[in-house]
Each structure stands twice: as structure tokens, then as C-alpha cells.
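Reading the structure
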Amino acid sequence: MTLSLDFFRSSIGKKIIMAITGFIWFGFVILHMVGNLQVFQGPEKLNTYAKFLKDLGPLLWVARIGLIVAFVGHVCTAILLKLENSSARPVSYAKNSTIQASVASRTMAYSGLLLLTFLIYHLAHFTLGYTNPDHYTHEYILKNGDVVHDVYAMVILGFQDPVIAISYVVFMVFLALHFSHALGSMLQTLGILAPKHNPTIQKISTGLGLLVFIGNCSMPLSILLGYVR
């Protein structure tokens, strides 16, 4: 037990926690995006999907609690690593060389904080209905006769607001930047591929970050521009 605690208190242990919790959230973001893209298939499809998730009952809450634990673990570990790095180098370099560092790697802390803000707003908007309660009151009758919360209408009404739609696009920029660096770091930390594959890993990470950006931005922009009503 002591050995295990010492390992996870070490820098490499914290990095592994960061990698695992980051992988959990990346998987969630992909699944969440795929589910939400059903907005392009109309209200019946999206609302049926939303009902399926709601009908999971306790399992849905287990998943939510797991995501919360992973998110808190990810943020806390990131803060601890940042503090360790700062204490290890109390005096900053006379010349801050960032030639080898990408924009994504240099903005990880900022993108992480912005994504925390986005997550809180996203939950308040679409999950809890606090920010726009008028978007949260519509009902929809499925083909089987079930009356459900009209998630489709909520999404359409939300993204018809230019401020909300553009804000989501801006947040997706930072999400893509965060993923494009974090995924490469995660694979390197877990030792899944040898160092010689680092360029390939970075290309894959950048591609996945771009995929998330395009997929998530397609929804608000299509609705804002009137292609999806």
C-alpha cells in the first residue's frame, strides 16, 4: 500500500493519473459528440437518443460520477504538477525559449481553465436548464407515443443565439488545442509507443483534435446559419 501511495505521489505517478483521466474524458467527448451529431437527423432521432440515456437511470449516474471523479483528479493532478515544476525552478529562465514548444503545449493551463468554465456553463445550459430556462420547457411526442423532454428544440433554440453559438465555437478552439497536445503526452506517458514514434503520435493527436473541433462546431454553426432548424 505504501509503495502504491509513494508511486502516485511521485511525478511519474501524477503524470499517469493525468493520462488515464484525460483518456477517460477524451473518450467521453468523442461519444458525446457522436451522440449530439444526431441533431442532423432530426428531432425524432436526437430525442430518442436522449431518452435512451435518461432510461439508463442509475447507470447514467454512475457514469456521471465517474466523469466527475476523473475531471477532479485531472485538474488537481495538473495543479500539483504545476506547483512541483514551479518549486523545482523558483527562478525563471533569463530567456524564455519556446522554439520547440507548440501553441497547444504553451496554452495547456489556460485552455484547461477555459474548458472548466465551459463545462460549468454547458451543464447549466443544456443539462440543468439554469441559464436559458425558456429553452428547457418544450416537450416532444415520439413515434411510439412517449412524451419526452424536447432536447432537439433546446439545442436549436440555444444555437440560434449568435452569442451562444460563437462562444461554443471559441471554446472548441481551446478544446482542440488542449487535445492536440494532451493526447500525444498521454500516449508518451503510458509508454504505448516508442519515442521514435513521437512525430506520428503528434500528427494523430492533432488530427483527433481537429476532428473534435469540426464535429462540435458543425452543430452550432449549421443551426446559426439556418441549415438545421
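Residues numbered from 1 in each chain as written. Predicted model: local features only at pLDDT ≥ 70, side-chain atom pairs only at ≥ 80, totals over all residues. Heavy atoms only, no water.

**With respect to the packing of helix 2 (residues 11–36) against helix 9 (residues 198–224)**
Under the convention used in this document: To define axes, lines are fitted to C-alpha atoms, for helices over the stretch in contact only, and angles between the resulting N-to-C directions are given on a 0 to 180 degree scale. The helix and strand labels rest on DSSP assignments: H or I over at least four residues marks a helix, E over at least two residues marks a strand, and numbering proceeds from the N terminus. Should the near helix be turned anticlockwise from the far one by less than a right angle, the crossing is left-handed, and should it be turned clockwise, the crossing is right-handed. Here a residue-residue contact requires only that any non-hydrogen atoms of the pair lie within 4.5 Å. The residue classification treats Ala, Val, Leu, Ile, Met, Phe, Trp, Tyr, Cys and Pro as nonpolar and Asp, Glu, Lys and Arg as charged. All others, Gly included, are polar.
Contact geometry for helix 2 and helix 9: axes closest at 10 Å, N-to-C directions at 35°. Like other packed secondary-structure pairs, helix 2 and helix 9 cross with a definite hand, here left-handed. Mapping the contact onto sequence places Phe-26, Val-29, Ile-30, Met-33 and Asn-36 in helix 2 and Leu-208, Leu-211, Val-212, Gly-215, Asn-216 and Met-219 in helix 9. For the contact of helix 2 with helix 9, the residue count by class is eight nonpolar, three polar and no charged.

**Describing the pattern of salt bridges**
Applicable threshold: By convention in these notes, a salt bridge is any Lys or Arg side-chain nitrogen within 4 Å of a carboxyl oxygen on Asp or Glu. Residue burial is assigned from relative accessible area. The probe radius is 1.4 Å, only protein chains are included, and a residue is buried under 20% of its type maximum, exposed over 50%, and partly exposed in between.
Considering all chains together, one arrives at two salt bridges under this definition. Between Lys-51 and Asp-55 there is a salt bridge, and its shortest N-O distance comes to 2.7 Å. Exposure remark for Lys-51: the relative accessible area of 23% places this residue in the partly exposed category. Between Asp-146 and Lys-51 there is a salt bridge whose closest N-O contact spans 3.6 Å. You can see Asp-146 sitting in the loop between strand 1 (139–141) and strand 2 (147–149) and its partner Lys-51 sitting in helix 3 (residues 43–54), a full 95 residues away along the chain. Taking the relative accessible area as the measure of exposure, Asp-146 reaches 28% and is therefore partly exposed. Several salt bridges share partner residues, and in doing so they unite Lys-51, Asp-55 and Asp-146 into one network.

**Regarding a nonpolar patch on the surface**
Heads up, the condition is: To count toward a patch, a residue needs a relative accessible area over 30% and no salt bridge; like charges are then connected within 9 Å, while nonpolar side chains (Val, Leu, Ile, Met, Phe, Trp, Tyr) are connected within 5 Å. Here the open area of atoms and residues is found with the Shrake-Rupley method and a 1.4 Å probe, where only the protein chains shown may cover a residue.
Together, Ile-166, Val-170, Leu-221, Leu-225 and Tyr-227 make up an exposed nonpolar region whose accessible area comes to about 520 Å². With respect to the element layout, Leu-225 can be found in the segment after helix 9.

**A closer look at the environment of Ile-24**
Along the chain, Ile-24 turns up in helix 2. On the accessibility criterion, Ile-24 (38% relative accessible area) is partly exposed. Residues Ile-24 and Phe-71, spaced 47 residues apart in sequence, show a C-alpha to C-alpha distance of 8.9 Å. The contacts of Ile-24, once residues within four sequence positions are left out, are Leu-67 and Ala-70.

**Side note on helix 2**
Applicable threshold: By this rule the span expected of a helix is its residue count minus one, scaled by 1.5 Å.
Here helix 2 contains 26 residues, and its C-alpha end-to-end distance of 37 Å stays within 8% of the 38 Å for a straight helix at 1.5 Å per residue. Every buried residue of helix 2 is listed here: Gly-13, Lys-14, Ile-16, Ala-19, Thr-21, Gly-22, Trp-25, Phe-26, Val-29, Met-33 and Gly-35.

**Observations regarding the UniProt feature "transmembrane region" (unreviewed entry) in the protein**
The condition is simple: UniProt positions are given in the numbering used here, feature names are shortened, and annotations may be inferred rather than shown by experiment.
In the numbering adopted here, UniProt assigns the feature "transmembrane region" (unreviewed entry) to residues 16–39, 59–83, 103–124, 163–187 and 208–228. Across residues 59–83, helical content stands at 100% and strand content at 0%; the span's end C-alpha atoms are separated by 36 Å. Between the C-alpha atoms that bound residues 208–228 the distance is 25 Å, and the span itself is 81% helix and 0% strand.

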